[in-house]
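Report on the structure
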Amino acid sequence: MEEIFSALSKACTIEGFLVVAGGVLLGILMGALPGISVNMAITLLFPFAYAVEGVNGINMLLGVMCGAIYGGSISAILLNTPGTPGSAATMIDGYPLTKNGQPGRALGMSTFASGFGGIFSCICLIFFSPLLAKLALKFSSLEYCAFAFFGISIISSLSSDSIIKGLIGGVIGLLLTCIGVDPINGVARYSFGSMYLMGGIAFLPLLIGLLAFSRVLINIEEAFKKKRENIKSVMNFDPRQKMKIFPSFSDIKRCMPTILGSSLLGTAIGCVPGTGGDIACFIAYNEAKRFNRRHREEFGHGAIEGVAAPEAANNGVSGGAMIPMLSLGIPGDGATAILLGALMIKGITPGPTLFSTEMEKVYQIFVGMGLANIFMVIIGFLILRWTIKVINIPDRFLLPLIVALCFIGTYSYGHTYIDLIVMAIGGVIGYFAIKHDFTMSSVIIGFILGSMTESNFRRYLLINRGDFMSIFDRPIAVAFFALSIITIFWPIINKLRDEIKKSK
């Protein structure tokens, strides 16, 4: 406790507050821009960490990270365009709430859930970091494979309206991961002599194309046909309702179990190296839908839990990912990999001895992350009234703006025109797929987890010389595989049960 109070006294200064608040504000603004990922935001603002002495420079980058993760939900809710990959699941229910005239309700819940998830993960790090570090050490290649397979299995739950089409989308995503260099043998696969395809299809251009650009094409078509209820029609609702940004007590009471469970899930997922907010948000969304029997039919059409779950989870990941980075020197995700470099520049060497030799600095970092989440909530609620006004922009201005953001965000990712081609092709494919009731989320999940599943499974087979029976020696992996099978077949069983009841 003395070390905690000492860290508080050093972090809670005027300079400490200013650098963290400034990092949060810049992170929110950059995260809200489609295509500017959390990693990119931290990288662009990385040089500013040199100008700030001591751990405060690290805390500024933590503010950028927390702010960017939350900022991605703003464009996902208002424009149906995920600002960051971790906000892709937020748009599933966030944008329908905007179309229903409740953008303030969605953004307010997103802010509340994001802050709760981030603060919850900080508390877990302070009191349970040794336990979480030991759990992460138990994960071998088989556990990683089982965990990734569990993530893929949630496709059947997300696609409950059309399970077959959802599974087809997941298979397409898995096949796309086969493009590029073989992760085990180093052999080029389906590259067709292209140096670009040797590195595989870039994730961010594909994400923007399938989820954002495809929706823009659909909106343009509907606008030309004059058959859709455009964004201006949302303004026919009571203006006092749309400007209500603080979550109501009833919404908080309704979503609190979901927020608490998703925060815990996100922290646990973040503790596993190699995962991230993009995985956690979809898993949390699936679990929220699975366990919410009372409002399950609202998911996909504007369920407030569908906003709370992914936002609490992806912000919980930010704290959990710090555990393997600080205690083992293994980055939990791309953002913590950048922070690892910043720590080493500041003379702090992550590893097993860090918690015993420089515990005060560790707590100072935890305090900085807690401050970042507190400032994120405060700044978030202060700017929401201005961000909501984006939906007042007429379609003839808004749609070209979104198209421009899609192209700018895609090009800023790799600075190559081929990424623009990938984004455009993904948008066209997504356009026709959505027209035929395919779920783009299933493609994204398959693409995210495909390479992780393949590489770890093949690595496990090589180590054990093809012995499948040794799987039963790893109880954690067996539990994940069993849970995956239940997740795949449970929606199918429910549908068959409903059809039998209807026939009777």
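Time to look at the confidence of the model for the protein chain. Averaged over every residue, the pLDDT of the protein chain is 78; the share at 70 or more is 85%. Element-level pLDDT for the protein chain is lowest in helix α13 (residues 231-234), with a mean of 42, against a maximum mean of 88 in helix α23 (residues 417-435). Contacts from residues 227-242, a stretch scored under 50 in pLDDT, to residues over four places away or in other chains number 26 contacts.

Before going further, it helps to spend a moment on helix α24 (residues 440-463). In a regular helix each residue adds 1.5 Å, so 24 residues correspond to 34 Å; α24 covers 35 Å between its end C-alpha atoms and thus fits that length. Along its length, α24 shows its largest kink, about 40°, at Leu449. Where burial is concerned, most of α24 is hidden: 17 out of the 24 residues are buried. At the C-terminal side of α24, Arg465 shows a positive phi close to 55°.

For Asn456, the location among the structural elements is in helix α24. Asn456 sits in the buried class, given a relative accessible area of 9%. A sequence separation of 308 residues divides Asn456 from Ala148, and the C-alpha atoms of the two residues are 9.2 Å apart. Residues in contact with Asn456, not counting those within four places in the same chain, are Ser141, Tyr144 and Cys145. Separated by 3.2 Å, the side chains of Asn456 and Arg459 make a polar contact.

Here we take up the packing of helix α5 (residues 55-79) against helix α6 (residues 90-99). As a packed pair, α5 and α6 sit with axes 6 Å apart at the nearest point and diverge in direction by 50°. Considering their axes alone, α5 and α6 lie oblique with respect to each other. Two packed elements cross with a definite hand, and for α5 against α6 that hand is right-handed. In contact with Ser73, Ala76, Ile77, Leu78 and Leu79 of α5, α6 contributes Thr90, Met91, Gly94, Tyr95 and Thr98. In terms of residue class, the contact of α5 with α6 is made up of six nonpolar, four polar and no charged.

Taken as a whole, this structure holds eight salt bridges when the rule is applied. Between Arg254 and Glu305 there is a salt bridge; the shortest N-O distance is 2.5 Å. Taken together, the residues span a long stretch of sequence, with Arg254 in helix α15 (residues 249-271) and Glu305 in helix α17 (residues 305-320) at a distance of 51 residues. Between Glu287 and Arg290 there is a salt bridge whose closest N-O contact spans 2.9 Å. Of this pair, Glu287 and Arg290 both sit in helix α16 (residues 277-291), separated by three residues, roughly a single helical turn. Overall, Arg290 belongs to the buried group, its relative accessible area being 19%. Here the salt bridges share partners, and the residues they tie into one network are Asp182, Arg189, Glu454 and Arg458.

Looking at the secondary structure, you find Asp419 in helix α23. One buried charged residue, Asp419, forms no salt bridge at all, with the nearest opposite charge on Arg189 at 18 Å. Excluding residues within four positions of it along the chain, Asp419 makes contact with Tyr196, Ala202, Pro205, Thr410, Tyr413 and Gly414.

With that settled, consider the packing of α5 against α17. Packing of α5 against α17 brings their axes to within 9 Å, and their N-to-C directions diverge by 160°. On the basis of their axis angle, the class for α5 and α17 is roughly antiparallel. Helix-helix and strand crossings are classified by hand; for α5 and α17 the assignment is right-handed. In contact with Met65, Cys66, Ile69, Tyr70, Ser73 and Ile77 of α5, α17 contributes Val307, Glu311, Asn314, Asn315 and Ser318. Within the contact of α5 with α17, the residues separate by chemical class into six nonpolar, four polar and one charged.

Quick notes on the rules
- Residues numbered from 1 in each chain as written.
- Predicted model: local features only at pLDDT ≥ 70, side-chain atom pairs only at ≥ 80, totals over all residues.
- Heavy atoms only, no water.
- pLDDT = per-residue confidence, 0-100.
- Helix = DSSP H or I, 4+ residues; strand = E, 2+ residues; numbered from the N terminus.
- Contact = heavy atoms within 4.5 Å.
- Expected span 1.5 Å × (residues − 1).
- Bend = angle between axes of the 7 residues up to and from the residue.
- Buried < 20%, exposed > 50% of the residue type's maximum accessible area, 1.4 Å probe, protein only.
- Polar contact = N/O pair within 3.5 Å; in protein donor to acceptor, adjacent residues only side chain to side chain.
- Axes fitted to C-alpha atoms, helices over the stretch in contact; angles between N-to-C directions.
- Parallel < 35°, antiparallel > 145°, perpendicular 65-115°, else oblique.
- Left-handed = near helix turned anticlockwise from the far one by under 90°.
- Nonpolar A, V, L, I, M, F, W, Y, C, P; charged D, E, K, R; others polar.
- Salt bridge = Lys/Arg side-chain N within 4 Å of Asp/Glu carboxyl O.
- Lys, Arg positive; Asp, Glu negative; His and termini not counted.

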